[in-house]
Amino acid sequence: MPRFLIPLGIVAAGLIIYSLIECLMTPRHQVRAMPKAVWILIIVLVPLVGALLWLFLGRRRGSVGGGGATGGPARPQRPQSPDDDAAFLRQLDVQRKQQSRQAELDRREAELKAQEKRGTKDNGTPESGGSNTPKPDGGADQS
């Protein structure tokens, strides 16, 4: 029998210490049923029962994200990793599309410049008018 009492005593002491520290660290607006000072007295004066009462009845249980019924400020829940974040994945997709568009525009621009250079090399001058170029007054130049 004493073999079981020592480990149970250690667990009970740990539970009491945990409950007392949690009660002290809990903000006043999250304490239920009684004021915080009364809960501390109950945990100290009725050790095991007081600690269990505190854990089950004395504090508000909030959602993971906080806020809402707990009375505390709402905190947005963040994804665990970037692969789980839909907004991050959408942003990556947008960046990839922008980069591919930019690469396509750069390729087209280089292609047009190369075509322009070939056009000037073949003719010698770009679109040179001949000797039969019409004059602005409608007549033809016949020198």
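Residues numbered from 1 in each chain as written. Predicted model: local features only at pLDDT ≥ 70, side-chain atom pairs only at ≥ 80, totals over all residues. Heavy atoms only, no water.

Novice: What should I look at first to understand the packing of helix α1 (residues 2-25) against helix α2 (residues 36-45) in this one?
Specialist: A pair of packed helices is captured by two measures, namely the crossing angle of their axes and the spacing between those axes. Packing of α1 against α2 brings their axes to within 10 Å, and their N-to-C directions diverge by 170°. Judged on the interaxial angle alone, α2 and α1 are roughly antiparallel. Facing α1, whose interface residues are Ile-16, Ser-19, Leu-20, Cys-23 and Leu-24, α2 presents Lys-36, Trp-39, Ile-40, Ile-43 and Val-44. Here the contact of α1 with α2 is composed, by residue class, of eight nonpolar, one polar and one charged. (Axes fitted to C-alpha atoms, helices over the stretch in contact; angles between N-to-C directions. Helix = DSSP H or I, 4+ residues; strand = E, 2+ residues; numbered from the N terminus. Parallel < 35°, antiparallel > 145°, perpendicular 65-115°, else oblique. Contact = heavy atoms within 4.5 Å. Nonpolar A, V, L, I, M, F, W, Y, C, P; charged D, E, K, R; others polar.)

Novice: Sorry if this is basic, but what is going on with the side chain of Glu-22 here?
Specialist: Relative to the helices and strands, Glu-22 is located in helix α1. In this view, Glu-22 contacts Trp-54, Leu-55 and Arg-59; residues no more than four positions away in its chain are not counted.

Novice: Would you mind going over the UniProt feature "transmembrane region" (unreviewed entry) in the protein chain with me for this structure?
Specialist: With numbering matched to this structure, UniProt assigns "transmembrane region" (unreviewed entry) to residues 6-25 and 37-57. Across residues 6-25 one finds 100% helix and 0% strand; the C-alpha atoms that close the span lie 29 Å apart. (UniProt positions renumbered as here; feature names shortened; annotations may be inferred.)

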